[in-house]
Amino acid sequence: MSGLRLTLRQPPPGRVDLSPLLPERLAGLSPAAIAAIVLPCGNRPLAAGDLFDIAEGDAGDLVITGGSDRLDHVGKGMTGGRMTVEGEVGAYAGLAMTGGALRIAGKAGFAAAAMMRGGLVVIEGDAGDFLGGALPGEMRGMRGGLVIVRGNAGARVGDRMRRGIILVEGDLGDHAAGRLLAGTVIGLGSSGADPGLGMKRGTLLLAKAPERLLPSFADCGRHELGFLALLFAHLRPHSPRLALVPQLRAPRRWAGDLAAGGKGEILIA
Amino acid sequence: MNLGGVLIEDTFAEAFGMRATRLIITADSAEWAAIAAASMTGFATSVIGCGCEAGIERHLPPGETPDGRPGVAVLLFAISRKDLQKQLIDRVGQCVLTAAGSACFSGHDGPEKLKLGGLLRYFGDGFQIAKKFADRRYWRIPVMDGEFVCDHEVGMTRGVGGGNFLILAASRPAALAAAERAVAAIRKLPNVILPFPGGIVRSGSKIGSKYKRLVASTNDAYCPNLKGETATRLPPEAASVHELVIDGLTADDVGAAMRAGIAAACAAGTTGGVLAITAGNYGGKLGQYRFHLRELMA
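The structure presented is a predicted model; accordingly, all values stated were derived computationally and were not measured.

The rules behind the values
- Residues numbered from 1 in each chain as written.
- Chains lettered and ligands numbered in written order.
- Predicted model: local features only at pLDDT ≥ 70, side-chain atom pairs only at ≥ 80, totals over all residues.
- Heavy atoms only, no water.
- Phe/Tyr/Trp six-rings, centres within 6.5 Å; stacked < 30°, edge-to-face > 60°.
- Helix = DSSP H or I, 4+ residues; strand = E, 2+ residues; numbered from the N terminus.
- Buried < 20%, exposed > 50% of the residue type's maximum accessible area, 1.4 Å probe, protein only.
- Lys NZ or Arg CZ within 6 Å of the ring centre and 35° of its normal.
- Contact = heavy atoms within 4.5 Å.
- Buried area = accessible area lost by both parts, 1.4 Å probe.
- Salt bridge = Lys/Arg side-chain N within 4 Å of Asp/Glu carboxyl O.
- Polar contact = N/O pair within 3.5 Å; in protein donor to acceptor, adjacent residues only side chain to side chain.
- Pairing = 2+ DSSP bridges.
- Axes fitted to C-alpha atoms, helices over the stretch in contact; angles between N-to-C directions.
- Parallel < 35°, antiparallel > 145°, perpendicular 65-115°, else oblique.
- Left-handed = near helix turned anticlockwise from the far one by under 90°.
- Nonpolar A, V, L, I, M, F, W, Y, C, P; charged D, E, K, R; others polar.

In this structure the tally under the stated criterion is 6 aromatic pairs over all chains. Ring centres of Tyr92(A) and Phe110(A) lie 5.7 Å apart, and the angle between their planes is 90 degrees; on these two criteria the pair is classed as edge-to-face. Of this pair, Tyr92(A) sits in the loop between β8 (82–86) and β9 (101–104) while Phe110(A) is found in the loop between β9 and β10 (120–123), placing the two residues 18 residues apart along the sequence. A residue is classified by how much of its surface remains accessible, and Phe110(A), at 33% relative accessible area, is partly exposed. Between the aromatic rings of Phe227(A) and Phe133(B), the centroid separation amounts to 6.5 Å while the plane-to-plane angle is 20 degrees, which identifies the pairing as stacked. Taken together, the positions of Phe227(A) in helix α4 (residues 226–235) and Phe133(B) in strand β8 (residues 129–133) put the pair across two chains. Stacked on the ring of Phe127(B), the Lys or Arg Lys263(A) has its end atom at 4.2 Å from the ring centre. Between the NZ or CZ atom of Arg290(B) and the centre of the ring of Phe12(B), over which it lies, the distance is 4.9 Å.

And the structure:
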């Protein structure tokens, strides 16, 4: 059986919360039952059937055809299965998800994969600010899982991240890996100003030197670090492009942020 | 029963349940991986005197190791989980962590775990860094030639130790040649090690001694030069005996290794100077496993 397919008829009238549409929640439901699911949309909730044409299929392989930057909370809290959006999405895609695989063929908005705990998020386009970060008021951002962005990412990638891996094949915005608690952030393109601002532990791996590096990072020299082979082996199935940057294998190590304990590191090819 | 004229005695080898683990040691070159592995598995012939039994299972090409470097798979056996944990940390800490360019990984998955980096990390004195990729947690411990990378924990399994057989030959060269053939055959097999020097024991032991402080002493029944003064188990023409001791991850692994080793030892028949194959046991009272030679070779 092919996947359960929801086809967007037209752009939503306002920002729609798609968090009720998860593979595990749609399992076993008929198209009519799915159509009746209420989706918060401002002060005028919509039924899923008002937005989507629903073609019966395996809910474990959920496909949303047609995207919109008004589709928020796509895959929020997802625990398993596979979800694909054949288009762009709005804010909070993959928010706090704990398992499964979410693929977004277009771009994603603010705080994608924020506070994620497990699973895989692949964004084929660009990602907005606070990718894998913490929502306002939260002490921790992403806590596990793997995020791959084929395009560019906005500012504060991995803000307050605790564990997991974020790989951005394009450019990083300002303050990447800021306030990082642990985990790994990788940027294969350029990066904005002051990466690693306030990072306590964790690793920021950059293929290109950042626009500006904080003076609170100490140069430890260029080294072949054994763990990078394990990291690259883990990421090889997800990012063939990573193998095209061989200079990452012997990066220059900057320890910091010395203003915040200094147990983190920025590795620059 | 005989193989090419070599008598296969109607007896059995008695083996014991042990705790076991497999490590994968990698380095910049196959030579340095082998140096680390040889150091780590040194003085590990018998649990009685060494605390554990360990040996090199096989050499690994770069494509089969976690970090893509040449490596060596090592098996470690001990009587209890506690003993195995202590030996693991002592040996990796003193022999692998110290070896140039080395890294050390778990080579066995399973629900039961032993700590590796979880204890070694303290050597990093606060500069150690944990990394978790997929479900595996690694430790990066800064050392003077770079960083030592190892798994947080390694899998433990319940293995079998003490599978054995004895080669009775008409001369020392014949006994050694047959034992070497058996070692070569067994070393091709997975999941087993031969913990003694070169894979061979020339000083097989019996339990107890006339001296109270000794728990084991020479196996006089199989010493050719005592044939006239002890209750010998040797035929009159026997002039030399070698024993092979085999530890494996399962009883099937040990049985397969014994079968291959005995077949290789008997390959030249009696013209090779081998007279008989027998095995060591304690009457079946001590060990959980029995490997009957004639059943194995049937």
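Back to the text.
Relative to the helices and strands, Ser46(B) is located in the loop between α1 (30–40) and α2 (47–50). Once residues lying within four places of it in the same chain are set aside, the contact partners of Ser46(B) are Gly51(B), Cys52(B), Glu53(B) and Phe196(B).

A separate point is the interface of chain B and chain A. Across the boundary between the two partners, chain B contributes 14 residues, which contact 17 residues of chain A. Taking both sides of the interface into account, the surface hidden between chain B and chain A amounts to around 1,200 Å²; carbon and sulfur atoms contribute 64%. The largest contributions to the chain B side of the interface with chain A come from Lys131(B), Phe133(B) and Arg140(B), which together make up 41% of the buried area. Counting across the interface, chain B meets chain A through 1 salt bridge. For Arg140(B), the salt bridge goes to Glu265(A), with nearest N and O atoms at 2.5 Å. Our enumeration of links across chain B and chain A arrives at 7 residue pairs in polar contact (both at pLDDT 80 or more). Listed by contribution, the elements that provide at least two residues to the side of chain B that touches chain A are β8, β9 (136–143) and β10 (146–151) of chain B. Looking at which element gives the most residues to the side of chain B that touches chain A, the answer is β8(B), with 4 residues.

The next thing to look at is the pattern of salt bridges. This structure, assessed with the given rule, holds 22 salt bridges over all chains. A salt bridge links Asp72(A) to Arg15(A); the nearest nitrogen and oxygen atoms lie 2.7 Å apart. Of this pair, Asp72(A) sits in strand β7 (residues 71–72) while Arg15(A) sits in the loop between β1 (3–8) and β2 (16–17), and the two are 57 residues apart along the sequence. In this structure, Arg58(B) engages Glu64(B) in a salt bridge whose closest nitrogen and oxygen atoms are separated by 2.6 Å.

All names here are of chain A. A cis amide bond, omega -5 degrees, links Gly256 with the succeeding residue Asp257. Tracing the backbone through its elements, the reader meets Asp257 in the loop between β16 (252–256) and β17 (264–268). We note that His73 has phi near 55 degrees; this positive angle belongs to a residue other than glycine. With respect to the helices and strands, the residue His73 is situated in the loop between β7 and β8.

So, about the pairing of β9(A). Residue and element names in this part refer to chain A. The two faces of β9 differ: Leu102 and Ile104 on one face are buried, but Ala101 and Arg103 on the other face are not. The pairing of β8 with β9 spans 4 bridges and is parallel. Note that in β9 the partner of Arg82 across the bridge is Ala101. With 4 bridges connecting them, β9 and β10 associate as parallel partners. Looking at the pairing, Ile104 lines up with Ile123 of β10.

Turning our eyes to something else, we now look at α4(A). Every α-helical turn comprises 3.6 residues, leaving residues that sit three or four positions apart pointing alike. Among the 10 residues of α4(A), 7 are classified as buried, and the element is accordingly described as predominantly covered. Listing the buried residues of α4(A) in full gives Phe227(A), Leu228(A), Ala229(A), Leu230(A), Leu231(A), Phe232(A) and Leu235(A).

Residue and element names in this part refer to chain B. Relative orientation of the contacting elements α1 and helix α3 (residues 81–96) amounts to 140 degrees, with a least axis distance of 9 Å. In this view, α1 runs oblique relative to α3, as classed from their interaxial angle. For the pair α1 and α3, the sense of crossing is right-handed. Of the residues in α3, those in contact with Ala36, Ser39 and Met40 of α1 are Arg91, Val92, Cys95 and Val96. Here the residues of the contact of α1 with α3 are counted per class, giving 5 nonpolar, 1 polar and 1 charged.

These results come straight from atomic positions and should not be treated as a statement about function.
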